[in-house]
Amino acid sequence: MKIYNETKLTVVGKAEPTFSQDGKNRYYRVAAMQNGQATNLSVSEEIYNEIPDGGGLIDVIFATVYDDKYGSFKADRLLQIVAVNGRPYDSKTAPASAPEKAAK
């Protein structure tokens, strides 16, 4: 069973992409915190690229999915970047691939 949810997290960093053993697939992760606990969260290349570079604390809302068959939890979509370092995020400076830019 897959369980979908909206999850508010603080992204604290982006891990360097890793490759599968055969070198055909690339995997992306972000370091995230919630309620004083931290984890690495699997994300798509698109989500990875939408997260601003430069470090700091990035408050986001992800559409997430837990798949009990594989015991995996991952971000399915980036719904919103709420704030960067405590300041409201300005969508005018969002990356070109961000949903706000693509919709215009």
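For the structure itself, look to the data block above.
Every residue gets a number counted from 1 within its own chain, in the order that chain's sequence is written. The model is predicted, so local features are restricted to residues of pLDDT at least 70 and side-chain atom pairs to those at 80 or more, both for listing and for counting; the totals for chains, interfaces and linings are taken over all residues. Side-chain numbers come from the whole structure's heavy atoms, not from hydrogens or water.

Let's shift gears to the environment of Arg29. Structurally, Arg29 is set in strand β3 (residues 26-34). Distance from Arg29 to Ser42, taken between C-alpha atoms, is 4.5 Å for residues 13 residues apart in sequence. Any two residues whose heavy atoms approach within 4.5 Å at even a single point are treated as in contact. Aside from chain neighbours lying at most four places away, what touches Arg29 is Lys14, Ala15, Thr18, Asn40, Leu41, Ser42, Val43 and Tyr48. In DSSP terms, a helix is any run of H or I states spanning at least four residues, a strand is any run of E spanning at least two, and both are numbered starting from the N terminus.

Between Lys or Arg on one side and Asp or Glu on the other, a salt bridge is scored when a side-chain nitrogen of the former is within 4 Å of a carboxyl oxygen of the latter. Per the counting criterion, the structure on display carries one salt bridge. The closest approach of N and O atoms between Lys14 and Asp53, which form a salt bridge, is 2.8 Å. With Lys14 in strand β1 (residues 2-14) and Asp53 in the loop between α1 (45-50) and β5 (58-67), the pair connects residues that are 39 residues apart, well separated along the chain. Exposed residues in this analysis have more than 50% of their type's maximum accessible area, buried residues have under 20%, and partly exposed residues fall in between, with area computed by a 1.4 Å probe over protein chains only. Judged by its relative accessible area of 65%, Asp53 falls in the exposed class.

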